[in-house]
Amino acid sequence: MRFADPLDADVLLADGTVAVVRPVLPGDRAGLDDLHEGASLASLRLRFFATGRKAGHDYVEHLFDEAAAPGVTALVVTVRGRIVALGTAEQESPDVAEVAFLVAEEMHGHGMGGLLLEHLAAACRDRGVRRFVAEVLIDNHPMLRVFLDAGFEVTRQVAELGSVRLELGTGASARAVEAADGRESRAEARSLAPLLYPRSVAVTGVRRDGSGIGAAVLASIRAGGYTGSLHVVHPAGTVLAGALAGVPSAARFVDLPEPVDLAILAVPAPRAIDALRDAVAAGVGAAVVISSGFEELGAEGAELQRAMLDLAREHSVRLVGPNCLGVMSNDPTIRLNATFSHAVPPAGGLAIASQSGGVGIALIDIARDLGLGVASFVSLGNKADVSGNDLLAAWFEDPRVTAAALYLESFGNASKFARVARRFAEHKPLLAVVGGRSAGGRRAGASHTAAAAASGVGVDALFAQAGVIGCRSAEELAETALLLAGQPLPAGPRVAVLSNAGGLGVLAADEADQCGLVVPELTAAVREVLGRHVLGTTGTSNPVDVGAGAAPEDVATVTAALLGSDEIDAVVVVLVGTSVNDSAPMVAALARCRAEHPGKPLVLVPMGGLDPTPAEIPGITRYRSVSTAIPALGRVTRYAAWLRIPHETPQDADEDRAGAARAVAARLLTEESGDGWLAAADAVELLEPYSLSPVGVVGPDAAAAAVVAERLGFPVALKVADPDIVHKTDRGLVRVGLGSTAEVLTTVRAFAAELGRGDVPVLVQPVVRGVELALGVVRDPGFGPLVMVAAGGVTVDLLADRVFLVPPLTRGDAARALRSLRCWPLLDGFRGSARVDVEALEQLVVDLGALAADVPQVAELDLNPVVVTATDCVLVDVKVRLAAAEAVNAGIPRQLRRPR
């Protein structure tokens, strides 16, 4: 067995316990002997097909015999330093390995087989192993279930009497990743239960005089009516007075009379590690470190933060913070406000996580003012352990959570966030605000939360694909969440605007248009019905103006007609209280209308002293202004449209093609002595397996170019094939429409004169007419590769008609991107022209995404123009720049994030 570097991975077991997956080390012999000695005879029979313990101990000897086991990859799972499981992969050939597992008796059912299988597959993929085989006794049902539930493609055949031989691919297929994500969600829910639903809480760092953050947190817990057991840990022990009077206390966590689920640490940073050590010794399940003075202040604080994380992980304690506001569990059976803000919103289904304490306070205040129900709130702070990904996984499993909202200034693992967010958004709405998009915002984010700010382009691309409802502010987020909490999702973008003041209806219609909504003209049949109830106006076409003196029943009847019309998906009512209408009957009539027509969104904007309470208008969401109501409706409508698109699974990566492409890129990088831009022939070598190579042939000099042109047929286009010249058009190094050999020779000589060379290589291409697009790849430091789809040619920068995507991509992703471009009508057959080959173009975008995901060394790639015709897509100009890079960590295999 080759001993690997000890790259530990913190993982969650099925019951939420934190464990470690790591390679076997030279000092593990005794631990592995103990593992086999402690296994039951039945388990040893299922593992080794033999009775007795000798086979187990012989296998341990085999593992440590380098001559006998040179091709073995062996991983162990440890809990608090003790080896509790072993997984091995022994190579039978360069691309095939046999896998086997042994798990300690008391740890059966904790998901260790699946975890080890994922980590072994990842380790062996890197060594070229493409398939695993396993021989399993037919009565070994738990192990058969591990292989079948893992999501890998499995084939079965009977090996010998009483056993079955399984074969499975090692690739991280979409099905395997989906299965792993499901197991991770369930484990996160159990792991974070002591944080999100604590039955007992202890606070340390409370001053007796009532000053300081610790005392403020304690006061909030008491004022909020926490239903569980509350304790204080204070050096004075049980003799407490002042702000601590009446709260059970002890000098240490270990001295408390009962176990504690959640510890709140508000002590100064230098004392936090000792306080946490005391808490984990007492068996707490989670800890919130409110104190500041850690990673956000530099290297010394970062080291202290890492030490706290190591201590927490060693004892299976989940850690929130440090440098955070606290947590809130607003469930009526819990009622915990462990923050230093006294604002408590009503109970509801929205779960909130904020990387900024200040933004968190603002969100809570806004939610309270709007009457927006909140289920829980977690202030993430420095995200030493618990992150937005962890919370989304847990909230996905929580039936009490109906939607989630995030404020983030960085993405610890953007690729995993994209996957987790999409999974969440397919079942529950997910709203998010990302701070730090501007240069000033990035400076502030880095200084107060140690965040590496996210790219605005990357954020927008990720949100659009993952179905995240992106908002620009805490106010927008809360206003949108209010609509989601109180209204059904609209079936489409068609909005009816009803008002009793014509000008306000017109402004509302304008706002709807700006927000991507449609205010359709109503049909004659609907207008006839409305006309019977409109007083003194002709406004029945939409927006509908019922007139200032409209009676309550007329307003209700018109509203009902609009809600019942199949021409409308949502109704916005803008009502102004006047001296000629009575507000109370108006409100009551709307409430009755809503009760009778509950199926579509109904939004009310009351003005002019009209001020109904939520209790007076059940089922109707009210806003203070049109400028808040309609943008919220627009965001919800876009989310509903995203939900209606059938989910597609990206095609599984071709591991052989990807491995070969990475090897080509690595070789070209070692051969490249310039700035990484590839010569035409090298670019073709890298791109051709992905069907991305340009049309045409390179001629090394004028004579060769003339021969190529004659073979291709005139007219032709010529461009200099020099990777060091990126913007060739600007220097006159591109000529199109050359119709003869003489023109080709003259043009190549002119290129050489411009460059001051004797000979110059040129790419000779046939002239193709069609719609020009630009495709490209750029590697974002936070998000990894981004794929650009844009209007092409020389207008790409001028028009800025572009969209970015986060690979891997599906055909649906490509289709939505193309249809979002302003130039889409040109592709779809504008003014009688032929529709281009959209299907081929979509596949081209998908292939480009595959290359971007497979080959991290691709730093920049520019396909411009791509000429699209009715029958084909022709790549005219291709530029590729390589740079050394690591593959994006997509959170596969499963492991807890460990900040650098």
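Residues numbered from 1 in each chain as written. Predicted model: local features only at pLDDT ≥ 70, side-chain atom pairs only at ≥ 80, totals over all residues. Heavy atoms only, no water.

Caption draft 1: Just the overall build of the chain, in detail. Tallying secondary structure elements over the chain gives 29 helices and 36 strands in all. Since a compact globule built from 900 residues should have a radius of gyration of about 29 Å, the 32 Å found for the chain is in line with a globular shape. Considering only C-alpha atoms, the chain reaches an extent of 95 × 95 × 60 Å along its principal axes. Accessible surface for the chain amounts to roughly 36,100 Å². Of this, 54% is attributable to carbon and sulfur atoms. For the chain, the centre of its 79 positive side-chain charges and the centre of its 105 negative side-chain charges are spaced 2 Å apart. (Helix = DSSP H or I, 4+ residues; strand = E, 2+ residues; numbered from the N terminus. Rg over C-alpha atoms; globule rule 2.2 N^0.38 Å. Areas by Shrake-Rupley, 256 points an atom, 1.4 Å probe, with all protein chains shown as cover. Lys, Arg positive; Asp, Glu negative; His and termini not counted. Charge placed at Lys NZ, Arg CZ, Asp CG, Glu CD.)

Caption draft 2: Examining the pattern of salt bridges more closely. Counted by the stated rule, this structure contains 51 salt bridges. Between D369 and R368 there is a salt bridge; the shortest N-O distance is 3.8 Å. Overall, the relative accessible area of 63% leaves D369 in the exposed class. One salt bridge in this structure joins R816 and D813, with 2.7 Å as the shortest N-O distance. With R816 and D813 both in helix 27 (residues 811-820) and 3 residues apart, the pair spans about one turn of that helix. On the basis of relative accessible area, R816 is assigned to the partly exposed category, the value being 24%. A residue is classified by how much of its surface remains accessible, and D813, at 3% relative accessible area, is buried. In this structure, a network of salt bridges that share partners links the residues D10, E188, D310, R313, R318, D385, D390 and R898. (Salt bridge = Lys/Arg side-chain N within 4 Å of Asp/Glu carboxyl O. Buried < 20%, exposed > 50% of the residue type's maximum accessible area, 1.4 Å probe, protein only.)

Caption draft 3: Layout of the sheet that holds strand 28 (residues 716-720). If you trace the 4 strands from one edge of the open sheet to the other, you get 27-30-28-29, paired in antiparallel fashion. For this open sheet the edge positions go to strand 27 (697-699) and strand 29 (734-738), each flanked by a neighbour on one side alone. Geometrically, the sheet is characterised by an average inter-axis angle of 25 degrees between neighbouring strands, direction not taken into account. Pairing geometry for strand 27 and strand 30 (residues 762-766), over 3 bridges, is antiparallel. Residue pairing for strand 30: G699 is matched across the bridge by V762. Taken strand by strand, helix 25 (residues 741-755) contacts strand 28, strand 29 and strand 30, and its axis lies near 15 degrees from that of strand 28. (Pairing = 2+ DSSP bridges. Axes fitted to C-alpha atoms, helices over the stretch in contact; angles between N-to-C directions. Contact = heavy atoms within 4.5 Å.)

Caption draft 4: Region of interest: the packing of aromatic side chains. Taken as a whole and judged by the stated rule, the model has 5 aromatic pairs. A ring pair is formed by F411 and F417, whose centres lie 5.0 Å apart and whose planes are at 65 degrees; its orientation type is edge-to-face. Considered together, F411 and F417 belong to a single accessibility category, that of buried residues. Site record: aromatic cluster; members linked through ring pairs are F411, F417 and F783. Sitting over the face of the ring of Y197, R400 holds its NZ or CZ atom 3.7 Å from the ring centroid. (Phe/Tyr/Trp six-rings, centres within 6.5 Å; stacked < 30°, edge-to-face > 60°. Lys NZ or Arg CZ within 6 Å of the ring centre and 35° of its normal.)

Caption draft 5: Expanded view of the sheet that holds strand 16 (residues 336-339). Taken in spatial order, the 7 strands make up an open sheet running 16-15-18-17-19-20-21, and their pairing is mixed. Of all strands in the sheet, those bounded by a partner on one side alone are strand 16 and strand 21 (469-471). Neighbouring strand axes in the sheet, compared pairwise and without regard to direction, differ in orientation by 15 degrees on average. By the bridge criterion, 4 bridges tie strand 15 (residues 326-329) to strand 16 in an arrangement that is antiparallel. Bridging across to strand 16, M328 finds its partner in N337.

Caption draft 6: The side chain of R779, seen in detail. Within the secondary structure, R779 is located in strand 31 (residues 771-780). Of the side chains bearing the opposite charge, D854 lies closest to the buried R779, which forms no salt bridge; the N-O distance is 9.5 Å. One polar contact links the side chain of R779 to the main-chain carbonyl oxygen of V858, over a distance of 3.2 Å. Discounting chain neighbours no more than four positions away, the residues touching R779 are G784, P785, A852, V855, P856, V858, A859, A885 and V888. (Polar contact = N/O pair within 3.5 Å; in protein donor to acceptor, adjacent residues only side chain to side chain.)

Keep in mind these values describe shape, not function.
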